[in-house]
Amino acid sequence: MTKTNPGNFFEDFKIGQVLAHATPRTVTEGDVALYTALFPVRFALQSSDEFARGVGYARAPIDDMLAFHIVFGKTVPDISLNAVANLGYADCRFLKPVFPGDTLSASSEVIGLKENSNGKTGVVYVRSTGRNQAGEAVLDYVRWVMVRKRDEASPAPAPQVPELPSAVGPSAIALPEGTDFSRIDLAATGSPFKWGDYEAGEKIDHVDGVTIEEAEHMMATRLYQNTAKVHFNQFTEGKGRFGRRLIYGGHVISLARALSFNGLGNAFLVAAINGGRHVAPCFGGDTVFAWSQVLEKAPCPGRNDLGLLRIRTIAAKDRLCHDFPGMENEGDGEGIILDLDYWVLMPR
Amino acid sequence: MTKTNPGNFFEDFKIGQVLAHATPRTVTEGDVALYTALFPVRFALQSSDEFARGVGYARAPIDDMLAFHIVFGKTVPDISLNAVANLGYADCRFLKPVFPGDTLSASSEVIGLKENSNGKTGVVYVRSTGRNQAGEAVLDYVRWVMVRKRDEASPAPAPQVPELPSAVGPSAIALPEGTDFSRIDLAATGSPFKWGDYEAGEKIDHVDGVTIEEAEHMMATRLYQNTAKVHFNQFTEGKGRFGRRLIYGGHVISLARALSFNGLGNAFLVAAINGGRHVAPCFGGDTVFAWSQVLEKAPCPGRNDLGLLRIRTIAAKDRLCHDFPGMENEGDGEGIILDLDYWVLMPR
Amino acid sequence: MTKTNPGNFFEDFKIGQVLAHATPRTVTEGDVALYTALFPVRFALQSSDEFARGVGYARAPIDDMLAFHIVFGKTVPDISLNAVANLGYADCRFLKPVFPGDTLSASSEVIGLKENSNGKTGVVYVRSTGRNQAGEAVLDYVRWVMVRKRDEASPAPAPQVPELPSAVGPSAIALPEGTDFSRIDLAATGSPFKWGDYEAGEKIDHVDGVTIEEAEHMMATRLYQNTAKVHFNQFTEGKGRFGRRLIYGGHVISLARALSFNGLGNAFLVAAINGGRHVAPCFGGDTVFAWSQVLEKAPCPGRNDLGLLRIRTIAAKDRLCHDFPGMENEGDGEGIILDLDYWVLMPR
């Protein structure tokens, strides 16, 4: 019997099955420093313990996307080692802040299965949950991936596709308990714009561009203990589809989120991710730009100090975004690599 | 109104104006680890909590240049986003040690303005101050930059150029309170040479060379949350003056300072920077060497355990420094990228 | 007198001489984060404070190889600055766990000397010991290097070659005090295989490959404050034997050890290194693969919860290892870069 992890194949997944993922991970200030070195993050809440205490946290929480990537990384060996494609995310909610010192672990429940008509692959839907050392859920999300069958002859399971919300409803969003954002120092945050200053439909070019080096995306992805093979192995990937290592899609999400500081400087917290598509692959040497549109505004139930903005952020490579490149019309998408729909929390 | 930061133009600066810079930053052991990974630092005081306690600190202070870069980084969005050139530094003093756990913030006062005769740009002089969470100044310095005017037709302000010392006077230097360097272990520091072993005029080739990778200078510069565009964006810089990303000048300062360990191993603390010039740009792939000359020696007022050395360190790229390349005569400067004049504290 | 470190030459070493190495180093969570970002480490014991507490540690110990590299790095300026070749390691034992917050220092005793017949070089044998702030030895090992003579005319010392064990005996291995591995959670560790599941002779292909970037190996090697010149200076190395920077051999050891997780996921601790050979140099851009063979099994004296596996791990560059490439026959070694013989501790 092989001692190495063969990963799960489509036949191995059953509806209702819960997979406990390996390698609990204590998050540290070292992880935060690396995240800061790898992405141009400048949100005051995650940068300063003093600022965080001023709004009611015990100390600065870690970046929401850093928590997401660590949880996601744990799911890879069990969910997507034999994946052909990562098809989508939905219903991702950030439920509790994560602090240095917390230990994260992850599990996934299989909530949908549908074999493809070619009989070679199937789509697996899982809800993955990250928990801290107290067992509290810190974030959860649904993801669906196309996974190879071990044996094409194995019978197809009864297809079951979960109903997923097109967006997380504002009432389903977890608000940060014990905090008060009503008196933040806008000089410290670097942006004078609060929730009331944004309008639905408004577009913002985040202006700056960042070139990704191979060392950077590999270090980031290893930091999350995500060992998906395509990101690390030039010898094998050099002979593959693209001739090169593929950058983890989450790297582009973190980069776009960090770039969005320039225009959304007070969007301290990602409250939920409604959905996201990695429209095209990204490679070492690519320069990433981003722009955002405010899709929707919503008040926060029971809170006068915070409001919700639903944001669509589009990232492009090797093209400026001053013309807000979209994908509504054919041919629009030249250079676009990410289309992300999410809610942020912003002081009112 | 644009939500992104347009930066300040020459007309936006007024004498006496104080700019509070954004993004307070809690410094951590993670930052120190990254700094150690990025620069070949080996000074015992910053490397070992035990050594630091032995001379009277609560724990190891962070590298002075790391503190400087973090403070400097904060000033960029307000001072130099529309800068054409970073012209100089002067009168930089390190006033208090910075420890992991401290939160740094920065402000700048405009102390000089002089429009250039072309009417398109002007020189802005600011004194920038970094403070810890207790509001104590940890370092301050003057810098002057050439900044674009928003509108060439705007009237020139009355020119005012501050008087700046050509060097910080020994009496203006802040000595580390509560410390005693009289009984340090020279085996632990790696250098047998104390203050008394150096002579004014003495030249030291630091021998070693370090090649800079693109990933390294970008990670370092992001660690300081310095978002000056020219360091990160190959897509745009590839079409510009140099065809490539420009390395943050402070990266070369840190590299030269770290290289200077080999010859100045007991120069634990940078007490002041008298002035510095980035003589030529530095790019990914360049190999940096450095040499130093002792310009001057001075006792420390009230301290028998420490002495001051005024050092001129010159860094060069892709050339050895055994012949002490200078810039006194025309044509001397081939390959020279940095000329830095500073005071260090060394045990007697 | 030169202020820079000339290093020791063959004549400078005397039998029985003890060299106290410079730069004590406080290990931090930042170092652990960088190590995680640089190597694909996933062993649960080093990843999670909670997991570590569950088996009896106060918190997660650092990776054994990280401790080794930090100690090794300190010896370089005194032992191998004038080395022509690093010839071997033996009798390396990991004696105490190292935790973030510990301060490591190192010393070496000269235990053997043998001048080469050409009169230009000699072999120096040292036993190096790393100690924590309490003075406790945390690891020790013997290494021998070929070092240049300063003066070919100096007389040869009486040759003395230490007797070294071909392998550390199980009874000489230090077991982790106060721990109990009998009830670990195999879902958390990611591997269902315990000591009893392995057999002597068994071979395991670790499957995954990792490409090394120049920025990565330089950052790692600087993190250990190892300043051996050949790793960092492309200007000089570009004119040398290989035309490029040489990767620190320890980088390949760490990479191979991390890759071995896939197949040896419960091999939490390296107990001893019996010997190792860097069969061929490794360079930036190389992709490293590894496979292992179980050489021997041994019980742990006095412990029913742990067993010892003696492992031989072979790393290769730019070649897969599914055929277990060895070096027993001539021509076998194509692409092989490391042959490492060591003991690991694994729960029974």
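Residues numbered from 1 in each chain as written. Chains lettered and ligands numbered in written order. Predicted model: local features only at pLDDT ≥ 70, side-chain atom pairs only at ≥ 80, totals over all residues. Heavy atoms only, no water.

- Going by an unreviewed UniProt entry, chain A carries the name Dehydratase and comes from Tepidicaulis marinus.

**Regarding the overall build of chain A**
Okay, so step 1: If you tally the helices and strands in chain A, you get eight helices and 12 strands.
Okay, so step 2: Radius of gyration (C-alpha) of chain A: 20 Å, near the 20 Å computed for a compact globule of 348 residues.
Okay, so step 3: Counting only C-alpha atoms and orienting by the principal axes, one finds that chain A spans roughly 65 × 45 × 35 Å.
Okay, so step 4: Buried residues in chain A amount to 64% of all 348 residues.
Okay, so step 5: Only carbon and sulfur atoms are counted for the fraction: they give 50% of the accessible area of chain A, which is about 11900 Å².
Okay, so step 6: Mean positive and mean negative side-chain charge positions of chain A (35 and 41 charges, respectively) differ by 5 Å. (Helix = DSSP H or I, 4+ residues; strand = E, 2+ residues; numbered from the N terminus. Rg over C-alpha atoms; globule rule 2.2 N^0.38 Å. Buried < 20%, exposed > 50% of the residue type's maximum accessible area, 1.4 Å probe, protein only. Areas by Shrake-Rupley, 256 points an atom, 1.4 Å probe, with all protein chains shown as cover. Lys, Arg positive; Asp, Glu negative; His and termini not counted. Charge placed at Lys NZ, Arg CZ, Asp CG, Glu CD.)

**Observations concerning the environment of S48(A)**
Okay, so step 1: Of note, S48(A) is situated in the loop between α2 (44-47) and α3 (49-54).
Okay, so step 2: Apart from residues no more than four positions distant in its own chain, S48(A) is found in contact with A60(A), P24(B), R25(B), T26(B) and T103(B).
Okay, so step 3: Within the local environment of S48(A), its side chain forms a polar contact with the backbone nitrogen of F51(A), the two atoms lying 3.0 Å apart. (Contact = heavy atoms within 4.5 Å. Polar contact = N/O pair within 3.5 Å; in protein donor to acceptor, adjacent residues only side chain to side chain.)

**Points about the relation of the copies chain A and chain B**
Okay, so step 1: Mapping chain A onto chain B is achieved by rotating through 120 degrees and translating by 0.0 Å along the same axis, at an RMSD of 0.0 Å. Viewed as a symmetry operation, the transformation between the two copies matches a three-fold axis. Measuring from the rotation axis to each C-alpha of chain A, the shortest distance belongs to G30(A), at 2.2 Å. (Least-squares fit on C-alpha atoms with pLDDT ≥ 70 in both.)

**Section: the interface of chain C and chain B**
Okay, so step 1: At the junction of the two partners, chain C supplies 35 residues and chain B supplies 45 residues.
Okay, so step 2: Buried area between chain C and chain B, both sides added, is near 3000 Å², and the carbon and sulfur share of it is 60%.
Okay, so step 3: It is K3(C), R222(C) and F235(C) that lose the most area in chain C upon contact with chain B, and together they represent 25% of the buried surface on that side.
Okay, so step 4: When residues of the side of chain C that touches chain B are traced back to their parent elements, those giving at least two are β2 (25-26), α1 (29-38), α6 (214-223) and α7 (234-237) of chain C.
Okay, so step 5: For the side of chain C that touches chain B, the element with the most residues is α6(C), which contributes six residues.
Okay, so step 6: Residue composition of the side of chain C that touches chain B, grouped by class: 12 nonpolar, 15 polar and eight charged. (Buried area = accessible area lost by both parts, 1.4 Å probe. Nonpolar A, V, L, I, M, F, W, Y, C, P; charged D, E, K, R; others polar.)

**With respect to the relation of the copies chain C and chain B**
Okay, so step 1: The two copies are related by a screw motion: chain C maps onto chain B through a turn of 120 degrees and a shift of 0.0 Å along the axis, at an RMSD of 0.0 Å.
Okay, so step 2: A share of only 14% of interface residues in chain C that are also interface residues in chain B marks the association as one of differing surfaces.

**Thoughts on the nonpolar core**
Okay, so step 1: Membership of the largest hydrophobic core comes to 192 residues, with the highest contact counts inside it found for L34(A), F68(A), L34(B), F68(B), L34(C) and F68(C).
Okay, so step 2: Beyond its immediate stretch of four places on either side in the chain, F68(C) contacts Y89(C), C92(C), F94(C), L139(C), Y141(C) and Y248(C).
Okay, so step 3: By size, the runner-up hydrophobic cluster in this structure holds 24 residues, among which are A44(B), Y57(B), A272(B) and A298(B). (Core = buried A, V, L, I, M, F, W, Y, C linked by side-chain atoms within 4.5 Å.)

**A closer look at the interface of chain A and chain B**
Interfaces are frequently sized by the accessible area removed from exposure as the parts join.
Okay, so step 1: Taken together, the 45 residues of chain A in the interface contact 35 residues of chain B.
Okay, so step 2: Summing both partners gives a buried area of about 3000 Å² for chain A against chain B, and 59% of it is carried by carbon and sulfur.
Okay, so step 3: Linking chain A to chain B there are four salt bridges.
Okay, so step 4: In this structure, D208(A) engages K229(B) in a salt bridge whose closest nitrogen and oxygen atoms are separated by 2.4 Å.
Okay, so step 5: Linking chain A with chain B are 18 residue pairs in polar contact (both at pLDDT 80 or more), by the criterion used here.
Okay, so step 6: For the side of chain A that touches chain B, the elements supplying multiple residues, two or more each, are α1 (29-38), α2, α3, α5 (186-189), β7 (203-205), β8 (210-211), α6 (214-223) and β10 (287-300) of chain A. (Salt bridge = Lys/Arg side-chain N within 4 Å of Asp/Glu carboxyl O.)

**A few points about the pairing of strand β3 (residues 83-94) of chain A**
Okay, so step 1: As paired elements, β3(A) and strand β6 (residues 137-148) of chain A share eight bridges and run antiparallel to each other. Looking at the pairing, N86(A) lines up with V145(A) of β6(A). (Pairing = 2+ DSSP bridges.)

**What about helix α4 (residues 64-79) of chain A?**
Okay, so step 1: Over its 16 residues, α4(A) extends 22 Å from the first C-alpha to the last, a length consistent with the 22 Å expected when each residue adds 1.5 Å.
Okay, so step 2: The N-cap residue of α4(A) is D63(A): its side-chain oxygen and the backbone nitrogen of M65(A) are 2.9 Å apart. (Expected span 1.5 Å × (residues − 1).)

**Digging into helix α8 (residues 249-259) of chain B**
Okay, so step 1: Within α8(B), 11 of the 11 residues are buried, leaving the element largely enclosed by the surrounding structure.
Okay, so step 2: Those residues of α8(B) that sit buried are G249(B), G250(B), H251(B), V252(B), I253(B), S254(B), L255(B), A256(B), R257(B), A258(B) and L259(B).

**A few points about the packing of helix α1 (residues 29-38) of chain B against α1(C)**
Okay, so step 1: Between α1(B) and α1(C), whose axes approach to 7 Å, the crossing angle comes to 55 degrees. The angle between α1(B) and α1(C) falls in the class oblique. Note that α1(B) runs across α1(C); the crossing there is right-handed. Contacts between α1(B) and α1(C) pair E29(B), G30(B), A33(B), L34(B) and A37(B) from the former with E29(C), G30(C), D31(C) and L34(C) from the latter.
Okay, so step 2: Taken together, the residues that form the contact of α1(B) with α1(C) break down as four nonpolar, two polar and three charged. (Axes fitted to C-alpha atoms, helices over the stretch in contact; angles between N-to-C directions. Parallel < 35°, antiparallel > 145°, perpendicular 65-115°, else oblique. Left-handed = near helix turned anticlockwise from the far one by under 90°.)

**Quick look at the environment of G135(B)**
Residue and element names in this part refer to chain B.
Okay, so step 1: In this structure, G135 sits in the loop between β5 (121-131) and β6 (137-148).
Okay, so step 2: By relative accessible area, which is 37% here, G135 ends up partly exposed.
Okay, so step 3: Note: C-alpha distance between G135 and R42 (93 residues apart in sequence) is 30 Å.

**Some words on the packing of aromatic side chains**
Okay, so step 1: Counting across every chain of the model gives 51 aromatic pairs over all chains.
Okay, so step 2: An aromatic cluster is defined as three or more aromatic residues linked by ring pairs; in this entry it consists of F68(A), F72(A), Y89(A), Y141(A), Y224(A) and Y248(A).
Okay, so step 3: Sitting over the ring of F235(B), K239(B) keeps its end group 3.5 Å from the ring centre.
Okay, so step 4: A cation over an aromatic ring shows up here: R257(C) above the ring of F43(C), its NZ or CZ 4.0 Å from the ring centre. (Phe/Tyr/Trp six-rings, centres within 6.5 Å; stacked < 30°, edge-to-face > 60°. Lys NZ or Arg CZ within 6 Å of the ring centre and 35° of its normal.)

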